[in-house]
Amino acid sequence: MAIISAPQLLVDGRLIGPAVVEVDAGVITAVRTSPTACTADRIDLAGGILSAGLVDLQVNGFAGTDLVGATPAQWRDVQLRLARTGVTSFLATYITAPIPDLVAGLGRAAAAQAAADTGAGSDGGVASRLLGVHLEGPFLSEQYHGAHDPRLMIDPTPAAVAELLSGPPGVLALVTLAPERPGALAAIEALRAAGVCVSIGHTAATAAQVTAAADAGARMVTHVFNAQRGLAHREPGVPGQGMADPRLSLGLICDLHHVSEVICSLVLRAALGGVLLVTDAIAATTMPAGRYLLGGVEVIVETDGGLPRRADGTIAGSALTLDAAVRNAVRCGASPAQALLAATATPAALLGRTDVGDLRVGAAADLVWWSDDLQVQRVWVGGRPIGQSVLA
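Before going into details, it helps to say that this report is about the structure given with it.

The rules behind the values
- Residues numbered from 1 in each chain as written.
- Predicted model: local features only at pLDDT ≥ 70, side-chain atom pairs only at ≥ 80, totals over all residues.
- Heavy atoms only, no water.
- Pairing = 2+ DSSP bridges.
- Helix = DSSP H or I, 4+ residues; strand = E, 2+ residues; numbered from the N terminus.
- Buried < 20%, exposed > 50% of the residue type's maximum accessible area, 1.4 Å probe, protein only.
- Right-handed = clockwise from strand over helix to strand, strands pointing away.
- Axes fitted to C-alpha atoms, helices over the stretch in contact; angles between N-to-C directions.
- Parallel < 35°, antiparallel > 145°, perpendicular 65-115°, else oblique.
- Left-handed = near helix turned anticlockwise from the far one by under 90°.
- Contact = heavy atoms within 4.5 Å.
- Nonpolar A, V, L, I, M, F, W, Y, C, P; charged D, E, K, R; others polar.
- Salt bridge = Lys/Arg side-chain N within 4 Å of Asp/Glu carboxyl O.

Some words on the sheet that holds strand β21 (residues 376–381)
Right, on to step 1. Taken in spatial order, the six strands line up as β3-β2-β7-β20-β21-β22 in an open sheet, and their pairing is mixed. On the outer flanks of this sheet lie β3 (14–16) and β22 (384–385), each paired with one strand and no other.
Right, on to step 2. The pairing of strand β20 (residues 367–370) with β21 spans four bridges and is antiparallel. Opposite Trp-370, over in β21, you have Val-376 as the bridge partner.

Topic: the pairing of strand β17 (residues 275–278)
Right, on to step 1. Side chains Val-275 and Leu-277 project from β17 onto one buried face, and the interleaved Leu-276 and Val-278 project onto a second face that is buried too.
Right, on to step 2. After leaving strand β16 (residues 249–253), the chain enters helix α7 (residues 261–270) and then returns to the sheet as β17, a path that is right-handed.

Details of the packing of helix α4 (residues 184–193) against helix α5 (residues 207–216)
Right, on to step 1. Closest axis-to-axis distance for the α4/α5 pair is 8 Å, and the angle between their directions is 30°. Comparing the axis directions of α4 and α5 gives the class roughly parallel. For the crossing formed where α4 meets α5, the hand is right-handed. Contacts from Leu-185, Ile-188, Glu-189 and Arg-192 in α4 reach Ala-212, Ala-213 and Ala-216 in α5.
Right, on to step 2. Broken down by class, the residue content of the contact of α4 with α5 amounts to five nonpolar, no polar and two charged.

A few points about the sheet that holds strand β4 (residues 19–24)
Right, on to step 1. One open sheet accounts for four strands, arranged β5-β4-β1-β6; its pairing is mixed. Single-partner strands in this sheet number two, and they are β5 (27–32) and β6 (42–44). When the angles between neighbouring strand axes are averaged without regard to direction, this sheet yields 20°.
Right, on to step 2. The sheet contact formed by strand β1 (residues 2–6) and β6 spans three bridges and is parallel. The residue of β6 that forms the bridge with Ser-5 is Asp-44.

Structural notes on the pattern of salt bridges
A side chain with one charge can pair with a side chain of the opposite charge if their charged atoms come near.
Right, on to step 1. Evaluated as defined, the whole model comprises 14 salt bridges.
Right, on to step 2. The salt bridge involving Asp-44 is made with Arg-42; its shortest N-O contact spans 2.8 Å.
Right, on to step 3. Here Asp-44 falls in the exposed class, since its relative accessible area comes to 52%.
Right, on to step 4. When its relative accessible area of 24% is taken as the criterion, Arg-42 is described as partly exposed.
Right, on to step 5. The residue Arg-247 makes a salt bridge to Asp-245 at a minimum N-O spacing of 2.9 Å.

And the structure:
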């Protein structure tokens with residue numbers, strides 16, 4: 001057994017401390033504020049906050065790799081590099097493509113999951129957990145296609161949904177769709193029955209259609225305010241209804257470019273169903289300016305850390321890391337606890353995952369130690385710190 005003590009721990013959405021986390025065989029066995037006897041395997045963290053590892057539900061690519069066409073070695077590299085930013089769990093995201101291509105992509109993700117589970121290609125590194133795949137399309141609105149190819153967008157017919165669900169079991173975790181498309185409400189019900197979470201996005205839906213989607217089982221809005229009917233004083237649109245409906249968590253790209261600082265602040269204060277921070281990261285993330293791929297299509301980043309854009313100027317994902325999104329949320333008025341909650345327990349709960357995203361007994365010992373100014377200091381995955389041996 002090992003013990004990690006910190007001045008503050010994020011537990012159940014609030015900061016407590018000083019407190020300790022006890023870890024055995026990669027799992028949290030206790031979280032306590034009472035004094036604990038010293039052991040040889042005790043780590044005392046000076047300052048800062050200890051939280052669960054970050055959970056990102058929208059990662060298209062990272063560190064030069066576009067996940068839709070990644071090789072096994074590239075999958076592993078992305079998982080290693082994500083862990084260094086505090087992201088210990090994530091969903092690989094594929095944008096709109098023909099359904100056979102998406103199903104093939106699910107197969108490649110399943111292979112990456114299996115390789116991690118069996119330790120194949122083990123290189124001693126600490127790697128982020130691949131929780132599954134987020135399909136952002138193809139059941140989207142041509143009117144709000146964003147960086148997606150509108151020619152590939154289709155209605156969510158029973159046959160199309162069944163074909164997506166024919167992929168490897170347990171890999172498809174989240175589907176973003178436009179609820180105004182014919183057959184969308186039945187598709188939401190079918191996906192939910194299959195254990196797949198559904199999000200509303202790239203959509204011209206009215207507030208009434210957003211409500212109908214939530215009634216059918218949708219539980220998220222994808223990158224709120226981006227690629228959707230906007231907020232107006234007589235028609236709340238997707239953002240307005242999304243903020244007002246406590247059943248819906250709002251995915252927010254808090255890079256202060258996709259959504260301004262003022263509107264980020266509004267969303268963080270107003271969303272009754274809570275906010276979950278996402279990056280929508282593409283291959284350009286952590287890389288210098290240049291040309292990269294998103295869903296196999298070239299995008300351009302003109303300055304280091306700048307916004308990726310298609311040739312026509314359309315924003316195409318981001319170069320944001322989730323730890324930076326946490327700091328930006330605090331800049332927008334969130335408390336550290338609120339910002340960290342939006343990147344840990346809230347996205348994990350959306351997926352129904354109790355094994356990640358929170359410092360609770362029985363959960364994986366996926367941990368991040370933050371400095372007082374919320375810079376990542378150290379990361380553990382399954383009790384294993386980067387560059388060091390497994391905790392007892």
